[in-house]
Amino acid sequence: MYNNLHASDPIETTDFVAFTVAESAADFNHVIANYPRPVNLLHPFVPQLPSEHVTEDGSRVLPILAFQVTVFPNFGICIGSTYCHAVGDGKSFMHLMRSWTSVYRSGGDLTCLENSLPFIKKDIIKDPGGIELVLLKDYWDWISTSVTCAYIWVCLIKSKESVANSLSHDNGDDELYYFLCPYNCRNRLEFWVPTTYLGNCLKPCAIEIKKREVLGESGIILATKAIGKGIKEMERSDKRIETMTRSFTAVAGSPKLQVYETNFGWGRPCKVELTHIDYDGAISLADCRDGESAVEVGVALNKNEMDEFLTNFEQTLKLL
């Protein structure tokens, strides 16, 4: 059962954030579990952005943020959010969330905040080459833990190839697989960008590897080296990613975003999920709730691919 109890609407101004309160009778412990679950279990907890509209002067107004609080009576709550990635990256959004929790814990006293308020000044980012619109379009449409990424990437490729019955090395050995991850540029620019900056400061990093390499005995090692090399090259390259004809694996989130530090005063979240990996095929990365050096990884696959992925994951783990 899922009942919508209340949704706020703008009254006198168009400057607002959509906020919904809902109630759920779903099994809370099942929702926050770490074992595979149907991804549509999480869909009811994700708010929808209001529809865009055009003002009288012809300006296109695009909503960028929405929140939903879902109550599980006598168990807990879920805070769901949807935001436009073209406006801010993951680091910006998580700082916004921690600022919100800081305001809440201070009782609204802005002089007692534990986290600084977001820095909203878009002209801090210099764009002499005029590439902002191009990159924003890419973000609209589209690591430090290289070994973890490589491990998951290889297991995903093997599981999908196995389901497709195309594991034979006699055909398409030189076929390329791509890994796409966001590269944080905040500390790598010629000008200063504050850590509280609310906006995008990323560029996409694309890594490629041949089929015969990733499916071989040294697949994880070669994938790790490829990811590390790709990230290093991003430090001195402004090359834009061209269209990739082969399906690619993208990364959403990062262990550095500290998603489990979002504390309203009720303790750390029980579970943080990135639900959009259901439709864009990305893998999600986050810091681990129970350990400083661990990484939480999320994947969304169909049943057959998930079974193959778990088999490959466990078998490969035994070989390490």
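Just so we're clear, the structure is a prediction, and the values are computed from it rather than from any experiment. (Residues numbered from 1 in each chain as written. Predicted model: local features only at pLDDT ≥ 70, side-chain atom pairs only at ≥ 80, totals over all residues. Heavy atoms only, no water.)

Asker: Just to check I follow, could you spell out the overall build of the protein for this structure?
Answerer: Counting its regular elements, the protein contains eight helices and 11 strands. Sorting the 320 residues of the protein into buried and exposed places 35% on the buried side. (Helix = DSSP H or I, 4+ residues; strand = E, 2+ residues; numbered from the N terminus. Buried < 20%, exposed > 50% of the residue type's maximum accessible area, 1.4 Å probe, protein only.)

Asker: Would you mind showing me how to read the confidence of the model for the protein here?
Answerer: Detailed reading of the predicted coordinates is not advisable wherever pLDDT is low. Mean pLDDT over the protein works out to 79, with 78% of the residues at or above the 70 mark. Low pLDDT, under 50, characterises residues 1-13; the predicted model gives this stretch 26 contacts beyond four residues in sequence or across chains. Long-range and interchain partners of residues 138-142, a stretch whose pLDDT sits below 50, account for 14 contacts in this model, where long-range means more than four residues apart. (pLDDT = per-residue confidence, 0-100. Contact = heavy atoms within 4.5 Å.)

Asker: In this structure, what is going on with the packing of aromatic side chains? I would like to understand it.
Answerer: Centre distance and the angle of the planes are the two values used to describe a pair of aromatic rings. Inspection of the entire model under this criterion finds 11 aromatic pairs. Relative to Phe72, the ring of Phe28 lies with its centre 5.1 Å away and its plane at 65°, an arrangement referred to as edge-to-face. Taken as a pair, Phe28 in helix α1 (residues 28-31) and Phe72 in strand β5 (residues 65-72) lie far apart in primary sequence, 44 residues in all. Overall, the relative accessible area of 10% leaves Phe28 in the buried class. The exposure class of Phe72 is buried, given its relative accessible area of 2%. A centroid spacing of 4.9 Å and a plane angle of 90° characterise the contact between Trp100 and Phe264, whose relative ring orientation is edge-to-face. We classify Trp100 as partly exposed; its relative accessible area is 30%. Residue class for Phe264 comes out buried when judged on its relative accessible area of 7%. (Phe/Tyr/Trp six-rings, centres within 6.5 Å; stacked < 30°, edge-to-face > 60°.)

Asker: Looking at this model, I keep getting lost on the side chain of Ser99. Mind explaining?
Answerer: By the secondary structure assignment, Ser99 is in helix α2 (residues 90-105). Look at Ser99 and you get buried, because its relative accessible area is 2%. Sequence-distant contacts of Ser99, defined by excluding residues within four places in its chain, comprise Asn115, Ser116, Leu117 and Pro118.

Asker: Whenever I open this one, the environment of Pro204 confuses me. Can you help?
Answerer: Tracing the backbone shows Pro204 in strand β8 (residues 202-210). Taking the C-alpha atoms as reference points, Pro204 and Ile231, 27 residues apart in sequence, are found 9.8 Å from one another.

Asker: How should the pairing of strand β9 (residues 248-254) be read in this particular structure?
Answerer: Residues in a regular strand point their side chains to alternate faces of the sheet. In the sheet, strand β7 (residues 176-184) pairs with β9 via three bridges, with the strands oriented parallel. Following the sheet pairing, Phe179 is matched in β9 by Thr249. For β9 and strand β10 (residues 283-288), the ladder comprises four bridges, and the chain directions are parallel. Following the sheet pairing, Gly253 is matched in β10 by Leu285. (Pairing = 2+ DSSP bridges.)

Asker: Is there a simple way to explain the pairing of strand β6 (residues 76-83) in this structure?
Answerer: Across eight bridges, β5 lies against β6 in antiparallel orientation. Bridge assignment links Gln68 to a residue of β6, and that residue is Gly80. Taking the residues that link successive antiparallel strands as the turn, the β5-β6 hairpin has three residues, and the phi of Asn74 there is positive, at about 70°.

Asker: In this structure, what is going on with helix α4 (residues 146-163)? I would like to understand it.
Answerer: Given 3.6 residues to a turn, an α-helix orients residues that are three or four positions apart in the same direction. A rise of 1.5 Å per residue sets the reference length of α4, with its 18 residues, at 26 Å; its end C-alpha atoms lie 26 Å apart and thus fit the reference within 8%. With 13 of its 18 residues buried, α4 lies for the most part within the structure. (Expected span 1.5 Å × (residues − 1).)

Asker: Looking at this model, I keep getting lost on helix α6 (residues 219-234). Mind explaining?
Answerer: With 16 residues, α6 should reach 22 Å at 1.5 Å per residue; the first-to-last C-alpha distance of 23 Å fits that figure. For α6, the complete set of buried residues consists of Gly219, Ile220, Ala223, Thr224, Ala226, Ile227, Gly230, Ile231 and Met234. What you see down the axis of α6 is that its buried residues fit within an arc of 160°, all on one side. Exposed and oriented more than 90 degrees from the buried face of α6 are Lys225, Lys229 and Lys232. (Arc of directions from axis to C-beta.)

Asker: Help me understand the environment of Gln258, please; the structure alone is not making it clear to me.
Answerer: Relative to the elements of secondary structure, Gln258 occurs in the loop between β9 and α7 (277-280). Classification of Gln258 by relative accessible area gives partly exposed; the value is 40%. Linking Gln258 and Cys288, residues 30 residues apart in sequence, is a C-alpha distance of 8.6 Å. The residues contacting Gln258, other than those within four sequence positions of it, are Met94, Arg98 and Asp287.

Asker: Would you take a moment to explain the side chain of Ser106 for this structure?
Answerer: Mapped onto the fold, Ser106 is located in the loop between α2 and α3 (132-141). Residue classification places Ser106 among the buried residues on the basis of a relative accessible area of 18%. Those residues in contact with Ser106, other than ones at most four positions away along the chain, are Cys112 and Leu113.

Asker: What is the right way to read the nonpolar core from this model?
Answerer: General note: in soluble globular proteins, nonpolar side chains tend to be found buried as a group. Ranked by internal contacts, the top residues of the largest apolar core, which has 32 residues, are Ile143, Trp153, Phe179, Ile207, Ile227 and Val251. For this core, the secondary structure elements donating two or more residues are α4, β7, β8, α6, β10 and α8 (303-319). By residue number, the principal contributor to this core is α4, which donates nine residues. With residues near it in sequence (within four places) discarded, Val251 still touches Ile143, Cys149, Phe179, Leu180, Cys181, Pro182, Ala282, Ile283 and Leu285. (Core = buried A, V, L, I, M, F, W, Y, C linked by side-chain atoms within 4.5 Å.)

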